[in-house]
Amino acid sequence: MSDFADPGPTSPTIQSVARTARRRFGSGWEAGKRVSFFILLVLIMLVPLNMVAGVIEERAYTKRAVEEEVGAQWGPTQTIGGPALVVPYQVSRVQINSDGEPKTIIETRYAVFTPEELDIAATSAVEKRTKSIYQILVYGANVGISGRFKAPDFSQLGVTPTSIAWDQASLVLGLSGVRAVNAASLTAGGAERQIEAGVLPYHPFDEGIRAALPVELVGTSPQPFDFDLQLSLNGRGHIAFQPLGRQTRIAVKSNWPHPNFIGSPLPTARTITADGFEATWAISHIATGAPLAWLTHEYKPQPERTVSVGVALTEPGDVHQQTDRIVKYGILVVGLTFGTMFVVSLLKQNRVHLVQYLLIGASISLFYLLLLSLAEQMDFALSYLVASLVDIAIVAWYAGATIRRLMGWVTGGVLAAVHGYMYVLLQMESYSLISGTIGLLVALLGVMIATRKVDWFALGEPMGEPLGEPREQPAQA
């Protein structure tokens, strides 16, 4: 007998195993296609979401341009430095001429002295100025700067000047927005002094105001003196101070209830209420790193290195900032909405077309544009509510009308829950990460529970045909 004899008809068991393997492989491929299709759809939605983010950035840039324009008209961000006493002196040096003969040259140089004590008290009234559709925060401030200079001592600078021009000394105050000064007055040494705009090249500040302040002498010895400088100025954004002196005390008071304290160190005391805030600083010259006196040809303060403290006016709930934050969660909103549709279609054996997914994704993307356009005109919370209701209604109606009524109700409900949860996250600055993570875990758990009985290998199989069971054989003739 041949070893290759016909084994006879294949047994039903072998046929069933082969058929089951083919069906399982084909069904597994079907499941993979559907999941891949779902992931691809979610990634495609990154394109319109990034376009929306670009629109938000453009609108925010436009607002910043409006702020700059208002600042040019009302007043810029204000930084006040000093004051400092500048005293000219002369030194002589010998220079050898080309013919070998010595020649004595007299040079004028300048020494800078800072106050022994410095007290700054500022009171600002914040208001909103409207330009186009934007509201810009501006302020008017009254600043009182008083203190005491001790007798200038050139010996501490290691200089033995030939002649000191005490009568040509001047008091200089650094000020970044001179053109926004409404009024200024100075009393020093018991007399009123005339203030002039602008600074000279040898002064320690790039911008500011100055006043001639001859130093009083008793015999040949300079005398200490007190001063009191009063300013009324406009500004926007922030008001900051660069303290110079042995000991500086700063007190700022305003009617704005949302201060953002800038610089270092932070206030030693502060009180914030619904009617405004008060803050005080106590700063030693050791903390500033600036010398108490110096020669201008050897040292000049660098604004970027100079210690400054102050208050920035922040507006909580900035439209563009909040919209930008919530757009960053947009891919999660799309993913959860599409995921709901995907799971419901699996459970109810419905088919959702690519166009239906894309139209619903477009509606979600337009939600953010609607939110931005409304928030620029009205309160953000009300804008979010209106935009959410419109988005939920459109998505629920379309899903229910084109796919299945149950799909509309479930998708609308999930989208409403997601929009509500995202608004809560928006209000939670410190706990937004942990809250968002918990929310995602809960959503994932919900998907796991809803699909726990889904036979992923049976995707694409005709209803009512158990997987792995052989079909009924036709009767033999």
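See above for the structure.
These lines cover the structure that appears in this document, whether it is placed above or below. (Residues numbered from 1 in each chain as written. Predicted model: local features only at pLDDT ≥ 70, side-chain atom pairs only at ≥ 80, totals over all residues. Heavy atoms only, no water.)

**Describing the overall build of the chain**
Reasoning step 1: A count of helices and strands for the chain gives nine helices and 20 strands.
Reasoning step 2: A sequence separation of at least 24 residues applies to 76% of the contacts in the chain between residues at least 6 apart.
Reasoning step 3: Only carbon and sulfur atoms are counted for the fraction: they give 58% of the accessible area of the chain, which is about 26,000 Å². (Helix = DSSP H or I, 4+ residues; strand = E, 2+ residues; numbered from the N terminus. Contact = heavy atoms within 4.5 Å. Areas by Shrake-Rupley, 256 points an atom, 1.4 Å probe, with all protein chains shown as cover.)

**Structural notes on unusual backbone geometry**
Reasoning step 1: The linkage connecting S264 with the following residue, P265, adopts the cis geometry, with an omega of 10°.
Reasoning step 2: If you trace the backbone, P265 turns up in the loop between β16 (259–263) and β17 (269–273).

**Brief notes about the nonpolar core**
Reasoning step 1: Among the nonpolar cores identified, the biggest contains 51 residues, and L85, V143, I145, F241 and W281 are the most heavily contacted of them.
Reasoning step 2: Beyond its immediate stretch of four places on either side in the chain, L85 contacts A111, V112, F113, F149, P152, A169, S170, L171, L213, V215 and F225.
Reasoning step 3: Among the nonpolar cores identified, the runner-up in size contains 39 residues, and V52, V344, I360 and L426 belong to it. (Core = buried A, V, L, I, M, F, W, Y, C linked by side-chain atoms within 4.5 Å. Buried < 20%, exposed > 50% of the residue type's maximum accessible area, 1.4 Å probe, protein only.)

**Description of the environment of M45**
Reasoning step 1: With respect to the helices, strands and loops of the structure, M45 is situated in the loop between α1 (12–44) and α2 (46–73).
Reasoning step 2: Overall, M45 belongs to the buried group, its relative accessible area being 3%.
Reasoning step 3: Ignoring any residue separated from it by four or fewer positions in sequence, one finds M45 in contact with V334, F338, G361, A362 and S365.

**Examining the packing of helix α4 (residues 319–327) against helix α6 (residues 354–375)**
Reasoning step 1: Following both chains from N to C, one finds α4 and α6 inclined at 170°, their axes separated by 10 Å at the closest point. When the interaxial angle is binned, α4 and α6 end up roughly antiparallel. Handedness of the crossing formed by α4 with α6: right-handed. In contact with V319, H320, T323, I326 and V327 of α4, α6 contributes Y368, L371, L372 and A375. (Axes fitted to C-alpha atoms, helices over the stretch in contact; angles between N-to-C directions. Parallel < 35°, antiparallel > 145°, perpendicular 65-115°, else oblique. Left-handed = near helix turned anticlockwise from the far one by under 90°.)

**Observations concerning the pairing of β17**
Reasoning step 1: Here β17 runs beside strand β18 (residues 276–284); their pairing, made up of five bridges, is antiparallel. When the bridges of β18 are listed, T271 appears paired with E278. (Pairing = 2+ DSSP bridges.)

**With respect to the side chain of T114**
Reasoning step 1: Inspection of the secondary structure puts T114 in the loop between β2 (102–113) and β3 (117–131).
Reasoning step 2: Ignoring any residue separated from it by four or fewer positions in sequence, one finds T114 in contact with F149, L244, G245, P291, L292 and W294.

**Some thoughts on the pairing of strand β14 (residues 238–242)**
Reasoning step 1: The buried count for β14 comes to four of five residues, which makes it a mostly enclosed element.
Reasoning step 2: As paired strands, β14 and strand β20 (residues 309–313) are joined by four bridges and run antiparallel to one another. Across the sheet, residue H238 finds its bridge partner in β20, namely A312.

**Side note on the packing of α2 against α6**
Think of two packed helices as two axes; the pair is described by the angle between the axes and how far apart they sit.
Reasoning step 1: At a minimum axis distance of 9 Å, the contact between α2 and α6 shows a crossing angle of 15°. Judged on the interaxial angle alone, α6 and α2 are roughly parallel. Handedness of the crossing formed by α2 with α6: right-handed. Here P48, L49, V52, V55, I56 and R59 of α2 come into contact with α6, specifically with S365, Y368, L369 and L372.
Reasoning step 2: For the contact of α2 with α6, the class distribution of residues is eight nonpolar, one polar and one charged. (Nonpolar A, V, L, I, M, F, W, Y, C, P; charged D, E, K, R; others polar.)

**Quick notes on the packing of aromatic side chains**
Reasoning step 1: Taken as a whole and assessed by the stated rule, the structure comprises nine aromatic pairs.
Reasoning step 2: Centroid distance F149 to F225: 5.2 Å. Interplanar angle 25°. Geometry classified as stacked. Remark: F225 occurs in strand β13 (residues 225–236) and F149 occurs in strand β4 (residues 134–149); sequence separation between them is 76 residues.
Reasoning step 3: Arranged with centres 5.7 Å apart and planes meeting at 85°, the rings of F367 and Y384 form a pair that is edge-to-face. Of this pair, F367 sits in helix α6 while Y384 sits in helix α7 (residues 380–402), placing them 17 residues apart in sequence. A single burial state applies to F367 and to Y384, both of which are buried.
Reasoning step 4: Through a chain of ring-to-ring contacts, the aromatic side chains of F367, Y368, F380, Y384 and Y423 assemble into a single cluster. (Phe/Tyr/Trp six-rings, centres within 6.5 Å; stacked < 30°, edge-to-face > 60°.)

**What to know about the pattern of salt bridges**
Reasoning step 1: A full pass over the atoms with the stated rule returns five salt bridges.
Reasoning step 2: Taking the shortest distance from any N to any O, the salt bridge between R210 and E196 comes out at 3.0 Å. Here the residue R210 occupies a position in strand β10 (residues 208–212), and E196 occupies one in strand β9 (residues 195–197), the gap between them amounting to 14 residues.
Reasoning step 3: Judged by its relative accessible area of 40%, E196 falls in the partly exposed class. (Salt bridge = Lys/Arg side-chain N within 4 Å of Asp/Glu carboxyl O.)

**So, the sheet that holds β4**
Reasoning step 1: Strands sit in the order β8-β7-β13-β4-β3-β15-β18-β17 across an open sheet of eight strands; the sheet is mixed. The open sheet has two edge strands, β8 (191–193) and β17, and neither has a second partner. When the angles between neighbouring strand axes are averaged without regard to direction, this sheet yields 15°.
Reasoning step 2: When β3 meets β4, the two strands line up antiparallel, connected through 15 bridges. Bridge pairing in β4 places E127 opposite V138.
Reasoning step 3: Against the sheet, α2 makes contact with β3, β4 and β13, and its axis sits at roughly 45° relative to β4, the strand it touches most.

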